[in-house]
Amino acid sequence: MRRFLGLLLLVMSPYRLRGETPPCGIAIVQTAGPNTDERFVAAPPQQVKAALLKALPALGAKVHKDEGLHIEADPDMGLRQSIQQKNKDSGVRGKYAGLGALGKFTMDLREATQDGIDGSLLHVEFHKNGFVGRLGGEGYAQPLSEETACLTKLLSTNDPASNPRGLELKDAGPLHPVTLPDSTPLKVLLRDPLYSKKLEKDSAGQAVNFEVAEDVVVDGATIIRRGALATGHFTNVQKTKRAGRHAKIDFAFDSVTTVDGQKVPVSGANEQSKGGRHSETMTYIEEGGAFALFVKGTDVFIRAGTSYDLQVSGQHTVQTGH
Amino acid sequence: MTFKFLASTPSKRGIKLALATFVCVAAICAAVSADAATQACAIHEISPGGDPVVTRFLPAPLPRAREVIADAMQATGVLLFKDTEQVVEGERAVERIQVLRLPRGDEAIRAMLTAVIQDGQAGTRVLVETLRRSNKKGAPKHVWSTAVLDQAACLVSLLSLDDPLHRAKIAAADGAEILVADSTPVPVRSRHFFFNTDLKTNKSIPFETAEDVVIDDSTAIPAGSLVTASVEQASDIGEYGRGAKAQLRFKYVVLPDGTQLPLRGIVDLQGKNENKATLAAFAVIRLGVLSITGAGFAIPAGALFHLEVDGEQKIRVSRE
């Protein structure tokens, strides 16, 4: 009977392949350095703040106080579980699978100038919860600062939703037609983190926004600008379920906007993310008996700035002045 | 880990002919053909030893040096945590070590890269350090610094230094027209290291031609030309001892003028399934047998595959 139950649970939670390119090449965010970090970021405070708010979930934290340029964040246990599960599935060893101690972040931003460049001074403090003692390695301040600096640099200042053609280029000449060949490669970035807990289960069909990571230049002419809107849509969203069944987020890519405003179809490997790589139901049952049936699976979390390699589908003629 | 190479001919469309099938027992399965031993350097042989901190000059620009260091580190079973402009670091992961059949250990490897000019030659100085994982004190069980640098130096010599994906086109409109016969052999090498978790269905995988393909004294396909393959039917390791699977379908080689010359070749990649007897034995003593998984597979950077041109093709080549 127990084996039949196990087989049934296995069938109910099939495995899906996971894969994405992490932002700025940092696949596993680990604790490092002291509990305080202060660094200059060459961008206005509001831009750095936007990046900071996108970076916090990557460290398993959520904002609990936002007072303009002073922000405080607490740990989000659900997010931490997702990150821990993902790290564990990737092969990160250790009891905490690469995660650091529980604690609070305090962040302050102010305008600053360094070497004649205007920007912001980002001050991050990480306060470990008292009871954890020496557990959980070192500080989280440096990884948060690094992730923030990464996203500030990586994501454009353009808002693709309001300006889908991307960042404006100077010295535009007269318009002339240029052929955008089939299979032209391009890279897009996820603008905001995706977290299955925040998505509705009937989200399938809804749009997912990306931005183009770098200009696409053909024969010296810019055809698609950095920051241009690329869109996809959710193909499947499933929330966590009992008996250890993990959440799922699947999405496909649809189109990218060229300099003349055309929506050109794109193709790429469809994203299929699952909260956990394996069904651990059997292990749970072994350890917890029937109580394991009431254990929920893990949510899916995809970091902002995650990049995807796409290709243009079909040949198109684009009017460009660049 | 099994690599199965399959190719189909236009006359027997839909029929796949197994050209070579073998189970790799070496540390790394690098090629699908018997002449894998003819490589310029030994990409198979990775073994620990030497000093924990080693510095070496690689005659490659920093972006390429970073790529080869990342590939070389992964060939020692490292899961990359960080792959930034100047630092590449990660820890050896059990899942990868098992697939690559390397000695187990708790090592972390870190590489720091700096662009330099040495003896008038531009390149990259790379410092590789082997540590214990999670910043633990003490000496690591094995030292991989020399192995990583040897592997990286090998890849620098074996593969193109520039990125074939972003190569400028060279017009050949006034060039000589030559006929490329159907089934002309085209040896190709993997440009990067791939573990099964990196492969998703529909993902494009870059390869490059391993040597010039010469026809009638003209170089029809220069060495280092971009070859594209796409992943089909990828599935990861699964419960009940199932190993990872994927199929690579080679599509085309990009000629210097941008022409895409169709290629023929399919590679079945299969991680080792868990032994049924082991599963049965586990089933007797505990229920958790269903949570036992099989193994993944890896394609090391520089792995050699033999493909064929698909159909008779006319191409233009530069007169130079």
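Numbering of residues starts from 1 in every chain and runs along the sequence as written. Key to labels: chains lettered from A, ligands numbered from 1, both in the order written. In view of the model being predicted, local features appear only for residues whose pLDDT reaches at least 70, and side-chain atom pairs are presented and counted only at 80 or more, with totals across whole chains, interfaces and linings using the full set of residues. Where side-chain values are given, they derive from all heavy atoms of the structure, hydrogens and water being excluded.

*Asks:* Break down the overall build of chain B for me, with residues and values.
*Replies:* The number of helices and strands found in chain B is 4 helices and 20 strands. Whether a residue is buried, partly exposed or exposed follows from its accessible area with a 1.4 Å probe, protein chains only, as a fraction of its type maximum: under 20%, in between, or over 50%, in that order. Evaluated residue by residue, chain B yields a buried proportion of 52% over its 320 residues. In this description, contact between two residues means that some pair of their heavy atoms is separated by no more than 4.5 Å. Once local pairs closer than 6 in sequence are excluded, the contacts in chain B between residues at least 24 apart make up 65%. Note on areas: these come from Shrake-Rupley sampling with a 1.4 Å probe, and a residue is covered only by the protein chains present in the view. When the accessible surface of chain B is totalled, it reaches about 13,900 Å², and 52% of it is carbon and sulfur. Elements are defined by DSSP. Helices are runs of H or I of four residues or more, strands are runs of E of two residues or more, and each kind is numbered from the N terminus.

*Asks:* Go over the sheet that holds strand E3 (residues 70-75) of chain A with me, naming the residues and quoting the values.
*Replies:* Residues and elements named next belong to chain A. At least two DSSP bridges between two strands are needed for those strands to be called paired. Ordered by their spatial adjacency, 5 strands build an open sheet running E1-E5-E4-E3-E2, and the pairing between neighbours is antiparallel. With one partner strand each, in any of the chains shown, strand E1 (36-41) and strand E2 (61-67) form the two edges of the open sheet. Between one strand axis and the next, the sheet turns through 20° on average, direction left out of account. Across 4 bridges, the pairing between E3 and strand E4 (residues 103-114) is antiparallel. From the neighbouring strand, Ile-71 faces E4, where its bridge partner is Met-107. Angles shown run from 0 to 180 degrees and are taken between the N-to-C directions of axes, each axis being a line fitted to C-alpha atoms and, for helices, limited to the stretch in contact.

*Asks:* How would you sum up the domain arrangement of chain A? Please name residues and give values.
*Replies:* Residue and element names in this part refer to chain A. Along its sequence, chain A is organised into domain 1 (31-154) and domain 2 (176-320). The straight-line distance from the C-alpha centre of domain 1 to that of domain 2 is 24 Å. Across the boundary between the two partners, domain 1 contributes 17 residues, which contact 21 residues of domain 2. A quick way to say it: buried area is the sum, across both parts, of accessible area lost when two parts are put together, with a 1.4 Å probe. For the pair domain 1 and domain 2, the two sides together bury roughly 1,500 Å², of which 46% comes from carbon and sulfur. Considering only the side of domain 1, the residues that lose the most area to domain 2 are Lys-54, Asp-89 and Leu-154, jointly responsible for 36% of the buried surface there. Each salt bridge in this description consists of a side-chain nitrogen of Lys or Arg and a carboxyl oxygen of Asp or Glu lying within 4 Å of one another. Where domain 1 packs against domain 2, one counts 2 salt bridges. Salt-bridge contacts for Glu-147 lead to Arg-303; the nearest nitrogen and oxygen are separated by 2.9 Å. Nitrogen and oxygen atoms within 3.5 Å of one another constitute a polar contact, given that in protein one can donate a hydrogen and the other can accept it, and given that sequence-neighbouring residues count only through two side-chain atoms. For the pair domain 1 and domain 2, the interface holds 7 residue pairs in polar contact (both at pLDDT 80 or more). Elements supplying a minimum of two residues to the side of domain 1 that touches domain 2: helix H3 (77-90) and helix H4 (141-154). In terms of residues, the side of domain 1 that touches domain 2 owes the most to one element, H3, which gives 9 residues. An automatic or database domain assignment supplies the start and end points of every domain.

*Asks:* Break down the nonpolar core for me, citing the residues and quoting the values.
*Replies:* General note: in soluble globular proteins, nonpolar side chains tend to be found buried as a group. Residue and element names in this part refer to chain B. Only buried Ala, Val, Leu, Ile, Met, Phe, Trp, Tyr and Cys residues count toward a nonpolar core, and they belong to the same one when joined by side-chain atoms within 4.5 Å. Ile-69, Met-73, Val-88, Val-126, Val-128 and Val-148 are the most contacted members of the largest nonpolar core, which totals 37 residues. Of all elements in the fold, only strand E3 (53-58), helix H1 (62-75), strand E4 (78-83), helix H2 (94-100), strand E6 (107-118), strand E7 (121-132) and helix H3 (145-158) reach the threshold of two or more residues within this core. Of the residues forming this core, the biggest block, 8 residues, is contributed by H3. If we ignore the near neighbours within four places in the chain, the residues touching Met-73 are Val-78, Leu-80, Val-88, Glu-89, Gly-90, Ile-109, Ala-111 and Val-148. In this structure, Ala-220, Ile-221, Ala-234 and Ile-299 belong to the second largest nonpolar core, which totals 35 residues.

*Asks:* Go over empty space enclosed by the protein, please, and point to the residues and values.
*Replies:* All names here are of chain A. For cavity detection a 1 Å grid was placed over the protein atoms alone, and a set of points counts as a cavity when a 1.4 Å probe fits there but cannot get out; an open set counts as a pocket when protein lies on both sides within 12 Å along at least five of seven lines, with lining residues being those that have an atom within 4 Å of a point. Grid points are joined across faces, edges and corners, and a volume is the space filled by probe spheres set on the points. On inspection of all chains with the given rule, the structure shows 1 cavity of 30 Å³ or more. Quantified by volume, the largest cavity comes out at close to 40 Å³. In terms of lining residues, the largest cavity is bounded by Leu-59, Gly-60, Ala-61, Pro-75, Arg-80, Ala-101, Gly-103, Phe-105, Phe-126 and Tyr-140. For the lining of the largest cavity, a count of residues per class yields 7 nonpolar, 2 polar and 1 charged. Amino acids are sorted into nonpolar (Ala, Val, Leu, Ile, Met, Phe, Trp, Tyr, Cys and Pro), charged (Asp, Glu, Lys and Arg) and polar (every other residue, Gly among them).

*Asks:* Residues and numbers for the sheet that holds E4 of chain B, please.
*Replies:* Residues and elements named next belong to chain B. Strand order in the open sheet made by the 5 strands is E3-E7-E6-E5-E4, with antiparallel pairing throughout. A single partner strand is all that each edge strand has here, and the edge strands are E3 and E4. Across the sheet, the axes of successive neighbouring strands diverge by a mean angle of 20°, strand direction being ignored. By the bridge criterion, 5 bridges tie strand E5 (residues 87-92) to E6 in an arrangement that is antiparallel. Bridge pairing in E6 links Glu-89 to Arg-110. Sitting on the sheet, H3 is in contact with E3, E6 and E7, with an inclination near 10° to E3.

*Asks:* Explain the packing of helix H2 (residues 45-55) of chain A against H4 of chain A residue by residue, including any values.
*Replies:* All names here are of chain A. Here H2 crosses H4 at 120°, and the two axes come no closer than 8 Å. With respect to each other, H2 and H4 are oriented oblique. H4 is crossed by H2, and the crossing has right-handed handedness. Of H4, the residues touching H2 (which contributes Gln-47, Val-48, Ala-51, Leu-52, Lys-54 and Ala-55) are Leu-144, Glu-147, Thr-148, Leu-151 and Thr-152. Partitioning the contact of H2 with H4 into residue classes produces 6 nonpolar, 3 polar and 2 charged. An angle counts as roughly parallel when it lies under 35 degrees, as roughly antiparallel when it exceeds 145, as roughly perpendicular when it falls between 65 and 115, and as oblique in every other case. What makes a crossing left-handed is the near helix being turned counterclockwise from the far one by less than a right angle; a clockwise turn instead makes it right-handed.

*Asks:* Pulling in residues and values, what's your account of unusual backbone geometry?
*Replies:* One non-glycine residue, Ser-183 of chain A, lies in positive phi territory at about 70°. Along the polypeptide, Ser-183 of chain A turns up in the loop between strand E6 (176-180) and strand E7 (185-190).

*Asks:* Can you tell me about the pattern of salt bridges, naming the residues and giving the values?
*Replies:* Residue and element names in this part refer to chain B. Counted under the stated rule, the structure contains 22 salt bridges over all chains. Between Glu-107 and Arg-92 there is a salt bridge, and its shortest N-O distance comes to 2.8 Å. Here Glu-107 is found in strand E6, whereas its partner Arg-92 is found in strand E5, with 15 residues between them in sequence. Judged by its relative accessible area of 0%, Glu-107 is buried. In this structure, Glu-129 engages Arg-110 in a salt bridge whose closest nitrogen and oxygen atoms are separated by 3.9 Å. Of this pair, Glu-129 sits in strand E7 while Arg-110 sits in strand E6, and the two are 19 residues apart along the sequence.

*Asks:* Give a detailed account of the packing of aromatic side chains, specifying residues and quantitative values.
*Replies:* Any two of the Phe, Tyr and Trp rings considered here, Trp counted by its six-membered ring, make a pair once their centres fall within 6.5 Å; the pair's planes then place it as stacked at under 30 degrees, edge-to-face at over 60, or tilted in between. A complete count under the given rule lists 14 aromatic pairs over all chains for this structure. Measuring from centroid to centroid gives 5.4 Å for Phe-126 of chain A and Tyr-140 of chain A, while their planes differ by 85°, and the two rings are edge-to-face. Here Phe-126 of chain A is found in strand E5 (residues 117-128), whereas its partner Tyr-140 of chain A is found in the loop between E5 and H4, with 14 residues between them in sequence. Relative accessible area serves as the criterion here: at 3%, Phe-126 of chain A is assigned to the buried category. On the basis of an interplanar angle of 50° and a centroid distance of 5.9 Å, the ring pair of Phe-250 of chain B and Phe-305 of chain B is categorised as tilted. Note that Phe-250 of chain B is positioned in strand E15 (residues 245-254) and Phe-305 of chain B in strand E19 (residues 304-309), a separation of 55 residues in sequence. The exposure classification of Phe-250 of chain B matches that of Phe-305 of chain B, with both residues buried. By the ring-pair criterion, three or more aromatic residues cluster together here, those being Phe-210, Phe-234, Phe-251, Phe-253 and Tyr-308 of chain A.

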